[in-house]
Amino acid sequence: MRLSTWPWVIPCAAAAAVLIGTVLTVNVPVHDATYLILDAAVGLTYPLVGALIVTRRSRDPIGWLFCLSGAGLALQALAGGYSSYGQAHGWPGTDLAAWVVNWVFFAGFGPLFLLPAFLPDGRLPSRRWRPVMGALVAAMAVMLVVLMFRDLLWVWGSERPNPVGFVPTSIIAACFGVLVSAGALVGAVALGVRVRRAQDRRQLMPLLPAAVAIAVAALIDSTHTGGTWYAGIWLLALTLPALPLATAVSIFRYRLFDIEVLIRRTVVYVVVAALLLGAYLATVTTLNALFRERSGVLESLLATGVVAVAFAPVRDAVQRAVGRLLFGNRGEPAVALSHLGHRLEATAAPTELLDGAAETVARTLRLPSVAVVTAAGVPVSMFGGVPDDGVRIPLLSGGRTEGELRAAPRSPGEPLTRADLAVLDDLAPHLAVALAAVRLATEVRDSRERLVKAREEERRRLRRDLHDGLGADLTTIGLRLYVIEATAPPELRGQVTGVRELTQSIVGDVRRIVHDLRPPALDELGLSGALEDLALDAQPGPNVAVTIADPLPALPAAVEVAAYRITQEALSNALKHAGAANVEITARIVPDRLLLRIRDDGRGLPVPVREGVGSGSMRERAAEVGGELRRSSEPGRGTLVEAVLPL
């Protein structure tokens, strides 16, 4: 049998087991067949969706967990029916069937509550959940074994001694309720965490109300055990099938209805039902305590009145909250504009204006991905990637197209609504102004970098010309004047001496100009030799080590000067202010960058860190060439100065 067809044997077998067990049970008198409804609700739905998932994704554990959950309760229905009917008609093996009833259901009932934690990809939200999930799985395995040895056998409301049992039922019932409640809460919370972190919340939102409803039903059932209270069982029977249905919609995206309306109504009515049920129970309990009446008629009437009066306002409030949760503030454009305005105001640097703009828009409208791109198609702000489909809104400022605002639909094939587009249109002018500011700031920065690089290249050329041309010529003139002075007549010697001294003064001025134009060590030794020369100048004193990973290539003049001055300032700070005993200078080439690091073992930066003249100078020199500078420190463990300079 092919893999695509044989998994359907599981739901067929489970349905047959439920049907046979139900037919056998209804044909004999039993004390309480309420749990049979729960078996049928789970046994008919979970294996069906599990087989659907397995046929599409055979390696996905979610499908197998669904099949296991349904199979466990379907087998309880079959074993319970066989035990009840067989005992009345003298069939063999009824005691064994009764024993199976008491534990086989938990093989599916336990994992059922953990399913939401693994949806939709079969993995936990993060590694931090592994210890919690491991403890729950171990506890459920122990509970499964303990149920085999409970002192009483329960079959549809009737109990009799268990021949192999010794564990008191009262202890098992208490532990069972705690374990089921813990599993349901962990599953719902884990799914909530995943939904909160997901970029495409729309895909997971159908699962969350189902998991929350199951957790609420499990808590109600666990806190009202025994007696004639069946609300928990009925709630479980109603809510448990919602999980496989929601899972099928989420994973395979069966969009038979308007999914937006379906999700909104599902979440609203689940939350409203839970709140009104809690209000009803709280009212009945409070009135019982006040009036001490056991009839319950007055309490029920008053509680019903409270629920009736509260229904409309509670529904409206929940509907607004759910709408805001699912679809953001699209109904309140002013709120969206306010969020974006606060984000732009909080940004100090012009080039960082749009850093969080896409995220703000995406979170405002609950969109999976949003991007702000320039007119050249370069993304300057994005959240969830650059959308390939969806809407594209031009960003116009001053009659010029600055770029586009791209927004992806909440789910494939589902266009954004008019309300969504209206909010995006309101946000577009503000984003256009910010994008224009970023463009102008970038142009100014690039222009400044070009000027600095051109200035340093010109200084290097001037220094070479002055040193090798004018300086050499003046030195030659001075030497010739020495000769003339020695052979000149006495009446001319004084004048020649004056000219020679003036020439020496001019040579000194030229040397000073050459030195101020550019550090001489850079042209004489290169950057590597210049850094080693700085280390030698620090002697005697701390141990200064220079490490050059590979021979440095020919570097732009501006980058050489910036690297040299930054190292000079950082070394001076380490020696004068940090009291360092060891300083390590490292320079290496990374792709299109020069990475420069100066690490010392001094006392570190003061707390709070104050930007001094020297540190500001280092940061400015890095910024002038389009690079960046970072300083980090730990008290007593020295300081690290790291500069990244583009080549």
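Small disclaimer: the values here were computed from a predicted structure and weren't measured.

> Quick one: what's the story with the overall build of the protein, residue by residue and with numbers?
Helix and strand counts for the protein stand at 19 helices and 11 strands. Across the 647 residues that make up the protein, the buried fraction comes to 44%. Long-range contacts, defined here as pairs at least 24 residues apart, represent 68% of the contacts in the protein between residues at least 6 apart. A total accessible area of about 32,900 Å² is found for the protein, and carbon and sulfur atoms account for 61% of it.

> I'd love a proper account of a nonpolar patch on the surface, names of residues and values included.
A grouping of Trp6, Val9 and Trp64 is seen on the molecular surface, where their side chains present a nonpolar patch of about 260 Å² in accessible area. By secondary structure assignment, the location of Trp64 is in helix H3 (residues 61–89). Of the residues examined, Trp64 reaches a relative accessible area of 32% and is grouped as partly exposed.

> I'd like a rundown of the pairing of strand S9 (residues 593–600), residues and numbers included.
Sheet topology places strand S8 (residues 582–590) next to S9; 8 bridges connect them, and they run antiparallel. Bridge pairing in S9 places Ile589 opposite Leu594. Two successive antiparallel strands, S8 and S9, enclose a turn made up of 2 residues, where Asp592 displays a positive phi of approximately 60 degrees. Sheet topology places S9 next to strand S11 (residues 639–646); 7 bridges connect them, and they run antiparallel. When the sheet's bridge partners are listed, Leu596 is paired in S11 with Ala643.

> I'd like to hear about the packing of helix H5 (residues 130–148) against helix H6 (residues 169–197), residue by residue, with values.
Across the interface, H5 lies against H6 with an axial gap of 11 Å and an inter-helix angle of 150 degrees. By the criterion of interaxial angle, the relationship of H5 to H6 is roughly antiparallel. For H5 against H6, the interelement crossing comes out left-handed. Of the residues in H6, those in contact with Val132, Met133, Leu136, Ala139, Met140, Met143, Val146 and Leu147 of H5 are Ile172, Cys175, Phe176, Leu179, Ala182, Gly183 and Val186. Its residues assigned to classes, the contact of H5 with H6 comprises 14 nonpolar, 1 polar and no charged.

> Requested: an account of the sheet that holds strand S7 (residues 543–548), with residues and values cited.
Here we have 5 strands laid out as an open sheet, ordered S7-S8-S9-S11-S10, and mixed in their pairing. Across the chains shown, the open sheet's two edge strands, defined by having one partner strand only, are S7 and strand S10 (628–633). Adjacent strand axes in the sheet meet at a mean angle of 10 degrees, parallel and antiparallel pairs treated alike. The strands touched by helix H18 (residues 557–576) within the sheet are S7, S8, S9, S10 and S11, with S9 carrying the most contacts at an inclination of about 10 degrees.

> Which residues make up the nonpolar core, and what are the values?
Leu38, Tyr46, Phe106, Phe109, Phe113 and Leu240 are the most contacted members of the largest nonpolar core, which totals 59 residues. Among the secondary structure elements, those contributing two or more residues to this core are helix H2 (34–56), H3, helix H4 (94–118), H5, H6, helix H8 (207–223), helix H9 (231–239) and helix H10 (242–252). With 13 residues, H4 is the largest single contributor of residues to this core. If we skip the residues at most four places from it in the chain, Phe106 touches Pro111, Met140, Met143, Leu144, Leu147, Phe176, Leu179 and Val180. Residues Leu531, Ala538, Ala570 and Ile598 belong to the second largest nonpolar core, which totals 36 residues.

> Give me the lowdown on the confidence of the model for the protein, citing residues and values where you can.
In the predicted model, the protein carries a mean pLDDT of 76, and 76% of its residues have values of at least 70. Considering each helix and strand of the protein separately, the mean pLDDT is smallest for helix H11 (residues 259–291), with a value of 56, and largest for H5, with 90. Under a pLDDT of 50 for its full length, residues 225–229 has, in the predicted model, 3 contacts with residues more than four places off or in other chains.

Calculation rules
- All residue numbers refer to position in the chain's written sequence, counted from 1.
- Residue-level local features of this predicted model are given only where pLDDT is at least 70; pairs of side-chain atoms are given and counted only at 80 or more, and the full residue set underlies all totals for whole chains, interfaces and linings.
- Values shown for side chains rest on all heavy atoms present in the structure; no hydrogens or waters enter the calculation.
- Helix and strand definitions here come from DSSP, where helices need a minimum of 4 consecutive H or I residues and strands a minimum of 2 consecutive E residues; each element is numbered from the N-terminal end.
- Burial here depends on accessible area, computed with a 1.4 Å probe over protein chains only, as a share of the maximum for the residue type. Under 20% is buried, over 50% is exposed, and the range in between is partly exposed.
- Pairs of residues are marked as contacts when any of their non-hydrogen atoms sit within 4.5 Å.
- The accessible surface values rely on the Shrake-Rupley method and a 1.4 Å probe; as for residues, cover is taken only from the protein chains in view.
- Nonpolar side chains (Val, Leu, Ile, Met, Phe, Trp, Tyr) within 5 Å and like charges within 9 Å form the patches, drawn only from residues with over 30% relative accessible area and no salt bridge.
- Salt bridge criterion: a side-chain nitrogen from Lys or Arg within 4 Å of a carboxyl oxygen from Asp or Glu.
- Two strands qualify as a pair provided DSSP detects at least 2 bridges between them.
- Helix axes are fitted only over the stretch in contact, all axes being lines through C-alpha atoms; the angle between N-to-C directions runs from 0 to 180 degrees.
- An angle below 35 degrees is treated as roughly parallel, one above 145 as roughly antiparallel, one from 65 to 115 as roughly perpendicular, and anything else as oblique.
- Whether a crossing is left-handed or right-handed is set by the direction in which the near helix is turned from the far one by less than a right angle, anticlockwise for left-handed and clockwise for right-handed.
- When residues are sorted by character, Ala, Val, Leu, Ile, Met, Phe, Trp, Tyr, Cys and Pro go into the nonpolar class, Asp, Glu, Lys and Arg into the charged class, and all the rest, Gly among them, into the polar class.
- Side-chain atoms within 4.5 Å link the members of a nonpolar core, which is a set of buried Ala, Val, Leu, Ile, Met, Phe, Trp, Tyr and Cys residues.
- One number per residue, pLDDT, summarises how confident the predictor is, and it ranges from 0 to 100.

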